[in-house]
Amino acid sequence: MKFFIDTADLEQIKEANDLGILDGVTTNPSLMAKVGIKGHKAVIKHYKTICEIVDGDISAEVVSTDFKGMVEEGKKLAAIHKNIVVKIPMIKDGVKAIKWFTDNGIRTNCTLVFSAGQAILAAKAGAAYVSPFIGRIDDSGWEGIQLISQIAEIYTIQGYDTEILAASIRNSNHIIQCAEAGADVVTSPLEPILGLLKHPLTDIGLAKFLEDAKKFA
Ligand code: E4P
């Protein structure tokens, strides 16, 4: 399973990249706004900087909602760097735009996916990635992880190439569950990734080893 970081915060992106296990980055308009990126030029510059830090797929989301607008905006985003993946919302014009990008050799990430039916449409249109939002499903009282299992089963049966990019991660356990459920990629904020490192027995064991090491130092 590939690891992407879900943030536009450059320090956090660098920290995750320095771990040596980072395969890519996802952003969205809310994450860009959170770090104070405003205006077209600043957005383009920020994506360029992210591409310089991480050698992997970088999802850049369009804000247009009509076919023509998404195509124009997506072409500009894709021109920033070869690793840019154009992120398109799961709406009717979005499906048409994904198909257009597929036919024109531009990779897409279909976002805001909350059902297996939406995931089938994204794969049919040729999206490189489909992003089911498991945390938001959990927030609304359903089991987000079940959607990952369902999509994984359907994609295997149907032989779809689209990669399942589990998004909206809230905690470290979500990452483990995504691995079990067959996600190809998980995109997570930094905290749940770092949380995977932690176990009290590791800390206790290390403290004992270091204490005993003093005996023969
Ligand atoms: C990533 O592609 C999504 O935009 C993101 O994971 C959404 O996460 P949230 O539900 O925490 O906003």
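Fair warning: this is a prediction, and the values are worked out from it, not measured in the lab.

Caption draft 1: Structural view of the overall build of the protein chain. From N to C terminus, the protein chain includes 11 helices and eight strands. On C-alpha atoms alone, the protein chain measures out to a radius of gyration of 19 Å, which is about the 17 Å that the 2.2 N^0.38 rule sets for 217 residues. In terms of overall dimensions, the protein chain has a C-alpha envelope of 70 × 40 × 30 Å along the principal axes. Relative to its 217 residues, the protein chain shows a buried fraction of 39%. Of the contacts made within the protein chain by residues no fewer than 6 positions apart, 54% connect residues no fewer than 24 positions apart.

Caption draft 2: Focus on the site of the ligand. Taken together, Asp6, Thr26, Asn28, Thr111, Ser131, Phe133, Gly135, Arg136, Ala167, Ser168 and Thr187 make up all the residues around the ligand. Class assignment for the residues of the shell around the ligand results in two nonpolar, seven polar and two charged.

Caption draft 3: A look at the sheet that holds strand E8 (residues 185-188). Pairing in this closed barrel of eight strands is parallel, and the strands run E1-E2-E3-E4-E5-E6-E7-E8 around the ring. For this sheet, the mean angle separating the axes of adjacent strands, direction not counted, is 30 degrees. Bridging between strand E4 (residues 84-89) and strand E5 (residues 108-113) involves four bridges; their strand directions are parallel. Bridge pairing in E5 places Val86 opposite Thr108.

Caption draft 4: Structural view of the environment of Ser131. As for its position among the elements, Ser131 is in strand E6 (residues 129-132). Residue classification places Ser131 among the buried residues on the basis of 28 C-beta atoms within 10 Å. On a C-alpha basis, the gap between Ser131 and Tyr47 in space is 20 Å, while along the polypeptide they are 84 residues apart.

Parameters at a glance
Residues numbered from 1 in each chain as written. Predicted model: local features only at pLDDT ≥ 70, side-chain atom pairs only at ≥ 80, totals over all residues. Helix = DSSP H or I, 4+ residues; strand = E, 2+ residues; numbered from the N terminus. Rg over C-alpha atoms; globule rule 2.2 N^0.38 Å. Buried ≥ 20, exposed ≤ 12 C-beta atoms within 10 Å, placed from the backbone. Contact = placed C-beta atoms within 7 Å. Near = placed C-beta within 6 Å. Nonpolar A, V, L, I, M, F, W, Y, C, P; charged D, E, K, R; others polar. Pairing = 2+ DSSP bridges. Axes fitted to C-alpha atoms, helices over the stretch in contact; angles between N-to-C directions.

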